[in-house]
Amino acid sequence: MPLEPEHIEKFLEDDGDAKFKSELLELLRRRIDNLCFKECEIDRIQCTLTPLCTHRTLLKLRLLNGLTIEDQPKFCYSVHKNIIFRDFRNKTVIYKPNDAYLYLVDFFDVFFHGDYRKLNKHFSKKEFKDASKIFDDRINNREEDFQYRLSKDQNFMIFKYEDKIHVCFINENYVLCNANRENITNLELLLCLCNLFKTIYFPEVNLRLNDSNCVEITILIPKDALLKIGNSPPTEDGSKRDEYLWNVFYEELDALSQFCKEINIFMDKKENLAIKLNIGVMPEVRMNEKSDATLRYRDLRLIFNILFRLYNDFYILHV
């Protein structure tokens, strides 16, 4: 039986020989550098159309470990940046650059080209009020369709262009573009994301950071809305709200339970139905089983979609 990747992974986890592990990792490092700088980038057509690592993941490996753009295969990185630019401009791309990383200055060059030098300077000095003036000017005077929010401790800034989310890791000097399957591992970032979507889509929903290190979201179904719900399952010509609460709501609660540490449903003092979600960066269950899997950006979208429906169909029509 040939050597398989899992054999190497198990060896690195179990074997105590530090010297041999170091030699093995050095072999891997040399192989990666040879793949990037000699085998792939030297053939520009291949590098552009069929790079030898999936979606240029080896660029991410270097970037997330603090290497600079000078340490990247330059042509490959330029193609990567151009794919993100073309996708942003809704042009044809070879693949969708989801969960793609850029250095901060290159993100500004792609999304705010005319002001990218100014923005890079403001962010390097943490002059966020000056940077906000540039963003607000583009929103108010150039009719650019995006929203942004700076996190409480100024470690993150989030940009929302249409349905796409881009997350600036300010101290690390890089940006996650088109966030989708990546994990959300920071509570400050999670709270900032929730605040951004709350402001845009459901402003009256209550949002706070609780003592359990969770983002607590509380949405109400007003008493007046509850009184209009039928006492039995709806017929074919029943209202959409009856159909939702009787036949769909429990399924959505089950979906929410995969990503929330806790869900509480209770009647408040005004006899409104309150739905309280506690969301952490380490959910306790996923697919009805305990798991250490972290929350992903696309999981958060599912949560927001359910809240948006409850807010618009039950809350906003009765206040």
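Here the structure is a predicted model, which means the values were calculated and not measured. (Residues numbered from 1 in each chain as written. Predicted model: local features only at pLDDT ≥ 70, side-chain atom pairs only at ≥ 80, totals over all residues. Heavy atoms only, no water.)

A few words now on the packing of helix 11 (residues 240-257) against helix 12 (residues 297-315). Look at helix 11 against helix 12: their axes get within 11 Å of each other, and the N-to-C directions meet at 155°. Relative to helix 12, the element helix 11 lies roughly antiparallel. The chirality of how helix 11 crosses helix 12 is left-handed. Here R241, Y244, L245, F249, E252, A255 and L256 of helix 11 come into contact with helix 12, specifically with L302, I303, I306, R309, L310, D313 and F314. (Axes fitted to C-alpha atoms, helices over the stretch in contact; angles between N-to-C directions. Helix = DSSP H or I, 4+ residues; strand = E, 2+ residues; numbered from the N terminus. Parallel < 35°, antiparallel > 145°, perpendicular 65-115°, else oblique. Left-handed = near helix turned anticlockwise from the far one by under 90°. Contact = heavy atoms within 4.5 Å.)

This part is about the pairing of strand 8 (residues 215-221). Where burial is concerned, most of strand 8 is hidden: 6 out of the 7 residues are buried. Here strand 7 (residues 206-209) pairs with strand 8 via 4 bridges, running antiparallel. Residue pairing in the sheet places N206 in a bridge with T218 of strand 8. Where strand 7 folds back on strand 8, the antiparallel hairpin that results is connected by 5 residues, among which N213 adopts a positive phi of roughly 60°. As paired strands, strand 8 and strand 10 (residues 273-279) are joined by 7 bridges and run antiparallel to one another. Bridging across to strand 10, I221 finds its partner in L273. (Buried < 20%, exposed > 50% of the residue type's maximum accessible area, 1.4 Å probe, protein only. Pairing = 2+ DSSP bridges.)

A word on the pattern of salt bridges. Per the stated rule, a full pass over the model turns up 20 salt bridges. A salt bridge links K60 to E182; the nearest nitrogen and oxygen atoms lie 3.2 Å apart. Highlighted residues: K60 in helix 4 (residues 57-64) and E182 in the loop between strand 5 (174-177) and strand 6 (183-184), separated in sequence by 122 residues. For K60, a relative accessible area of 26% corresponds to the partly exposed category. Taking the shortest distance from any N to any O, the salt bridge between D87 and K96 comes out at 3.0 Å. Owing to a relative accessible area of 3%, D87 belongs among the buried residues under this scheme. (Salt bridge = Lys/Arg side-chain N within 4 Å of Asp/Glu carboxyl O.)

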